[in-house]
Amino acid sequence: MTGLPLKRRNGDLYPQTLLRSSHALMSPVSTRENISTASTKVAVKYGELIVLGYNGSLPNGDRGRRKSRFGLCRRPKANGVKASTVHVACTPQAAKAISNKDQHSISYTLSRAQTVVVEYTHDSNTDMFQIGRSTESPIDFVVTDTVPGSQSNGDTQTVQSTISRFACRIMCQRTPPHNARIYAAGFDSSKNIFLGEKAAKWKTPDGQMDGLTTNGVLVMHPRHGFTEDSKPGVWREISVCGNVFTLRETRSAQQRGKMVENETQELVDGSLIDLCGATLLWRTAEGLSRTPTVKHLEALRQEINAARPQCPVGFNTLAFPSMRRKDVVDDKQPWVYLQCGHVHGYHNWGDREEREGRERECPMCRARGPYVPLWLGCEAGFYLDAGPPTHAFSPCGHVCSEKTVGYWCQIPLPHGTHTFHAACPFCAQQLSGEQGYIRLIFQGPVD
């Protein structure tokens, strides 16, 4: 018998090309050169926001300001703002600040008789980007609630949104090192932010006002950046003025958490931003230069298919579909038994009608568990390294590198008003099983 050489790892056989060093395919230097070359043609890029749960694009396609990822680039003219004058009570100045559509302001309603209005002036050193559910013009990046698994099954949103219409704003420094800072709440079409009587708000020791939005803006900064050595950080809440607090008891509780003095609202590569309904990953331009591109992922897909993995039952050759057909089950689609990791083509072996779902008995090892199609993770921004796609998340079957699945399985993502659970970044499905992922065992061709 001849065929592609197999190599043994941890007692199991893999096609050798799957285990080949990926550095030849994914040179960080060439990626960095591509980024820098592109930067000479367009504005300086500060970074990108990528919505978790979408494997490269929204189910119905990216359109306008509603897309799965959003690049923040230096604007032709600075539009940042900074706090200036504070007006207390219902004074003429306060009324003017609210009604003046050319003046940014934040209004803190303490009672029916007292409102504090903080005017904001132009800041020529920063660019402001706003994120929220509203489609009004002040919102740069329109984000709606993520429905877990909607990427592959076409589910549509039916529940009322918990994302604020004007959820948050990010201020980017126009000069190097282009630091990005996040603040809760965004300015509306009248350039105002209103914190009503029920919103958590307070006066700071230095006499300034601050507050929290209804469902809050949570941020988690990873330790050791977004690299192979990354570890989860601690979730914090960001206030309207950018201060950092421990989490409230529930998302909308009146009582704020404790202020964390030694932490900042400055985003780092890999920071997660949760808007109570959608979670965003922040990638810096520098971090993206070290990340595999879609072309690199396509090269890996071709490498896997070139290894001609076979179904051990039907002996038919398996192949991952193209990126454009990432959600359509193909005849050659690889399937996996999530209990053991053995990769097959689709077959009816071991089907148990009395069992719910797609639980099957693996013909290779008799292990019983879910039996699902495998999908390549197409969103390059979620990858921690350029390693070969040898592991799959459970129960969704999205495939990526070992370092990538290992990291995301450790991340407790906010769910609902007071719970957290790990989820696949490509489809947002809650992870299951002992680890949340499985190592794939391919069978080479038998010619």
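Note: the structure precedes this text.
This section reports on the structure supplied with the text.

The rules we used
Residues numbered from 1 in each chain as written. Predicted model: local features only at pLDDT ≥ 70, side-chain atom pairs only at ≥ 80, totals over all residues. Heavy atoms only, no water. Helix = DSSP H or I, 4+ residues; strand = E, 2+ residues; numbered from the N terminus. Buried < 20%, exposed > 50% of the residue type's maximum accessible area, 1.4 Å probe, protein only. Contact = heavy atoms within 4.5 Å. Areas by Shrake-Rupley, 256 points an atom, 1.4 Å probe, with all protein chains shown as cover. Pairing = 2+ DSSP bridges. Expected span 1.5 Å × (residues − 1). Phe/Tyr/Trp six-rings, centres within 6.5 Å; stacked < 30°, edge-to-face > 60°. Salt bridge = Lys/Arg side-chain N within 4 Å of Asp/Glu carboxyl O.

## Section: the overall build of the protein
Along the protein, the regular secondary structure elements total seven helices and 29 strands. Burial analysis of the protein (447 residues in total) assigns 52% to the buried set. For the protein, the proportion of contacts with a sequence separation of at least 24, taken over those separated by at least 6, is 63%. Per element, the accessible surface of the protein, about 20900 Å² overall, is 49% carbon and sulfur.

## With respect to the sheet that holds strand β17 (residues 244–245)
Taking strand neighbours across the sheet as the criterion, the seven strands line up as β4-β3-β19-β18-β15-β16-β17 in an open arrangement whose pairing is antiparallel. Sheet topology places β4 (69–73) and β17 at the edges, where each strand pairs with a single neighbour.

## Examining the sheet that holds strand β8 (residues 126–132)
Judged by pairing direction, the sheet is mixed, and its four strands sit side by side in the order β9-β8-β10-β11 without closing on themselves. Whereas interior strands pair on both sides, the edge strands pair on one side only; in this sheet they are β9 (141–142) and β11 (180–184). Sheet analysis places strand β10 (residues 168–173) next to β11, joined by five bridges and oriented antiparallel. Residue pairing for β11: C168 is matched across the bridge by A184.

## Regarding unusual backbone geometry
In this structure, P177 follows P176 across a cis peptide bond, with omega equal to 10°. Between S394 and the following residue, P395, the backbone shows a cis peptide bond with an omega angle of 15°. By the secondary structure assignment, P395 is in the loop between β25 (391–393) and β26 (398–400). In this model, K191 sits at a positive phi of 60°, which is unusual for a non-glycine residue. Assignment of secondary structure puts K191 in the loop between β11 and β12 (192–195). The backbone of F315 sits at a positive phi, close to 60°, despite the residue not being glycine. Relative to the assigned elements, F315 resides in the loop between α6 (294–306) and β20 (335–337).

## So, α6
In an α-helix, one full turn covers 3.6 residues, which means residues spaced three or four apart are oriented alike. Taking 1.5 Å per residue, 13 residues should reach 18 Å; α6 reaches 18 Å between its end C-alpha atoms and fits that length. R308, located one to two residues past α6, shows a positive phi value of around 50°.

## What to know about the pairing of strand β15 (residues 217–220)
What you see with β15 is no split at all: V217 and V219 on one side and L218 and M220 on the other are buried throughout. Sheet analysis places β15 next to strand β16 (residues 235–238), joined by four bridges and oriented antiparallel. The partner of V219 across the bridge, within β16, is R236. By the bridge criterion, three bridges tie β15 to strand β18 (residues 272–274) in an arrangement that is antiparallel. When the bridges of β18 are listed, M220 appears paired with L272.

## Section: the packing of aromatic side chains
All chains considered together, the criterion is met by 16 aromatic pairs. With 4.7 Å between their ring centres and 55° between their planes, W335 and Y346 make a pair best called tilted. With W335 in strand β20 and Y346 in the loop between β21 (343–344) and β22 (359–361), this pair connects stretches of sequence that are 11 residues apart. In this structure W335 comes out as buried when scored by relative accessible area, which is 7%. The exposure class assigned to Y346 is partly exposed, which follows from its relative accessible area of 48%. Between the aromatic rings of F382 and W408, the centroid separation amounts to 5.9 Å while the plane-to-plane angle is 80°, which identifies the pairing as edge-to-face. Of the two residues, F382 sits in the loop between β24 (375–376) and β25 while W408 sits in helix α7 (residues 402–408), which places them 26 residues apart along the sequence.

## Structural notes on the pattern of salt bridges
Applying the stated rule across the entire model yields 16 salt bridges. Notably, a salt bridge pairs R181 with E266, separated by 3.4 Å at the nearest N-O pair. One end of the pair, R181, is in strand β11; the other, E266, is in the loop between β17 and β18, and 85 residues separate them in sequence. You can call E266 partly exposed: its relative accessible area is 23%. Put simply, R283 and D269 hold a salt bridge, and the shortest N to O gap is 2.7 Å. Here D269 lies in the loop between β17 and β18 and R283 lies in strand β19 (residues 279–284), a separation of 14 residues in the sequence. By relative accessible area, which is 1% here, R283 ends up buried.

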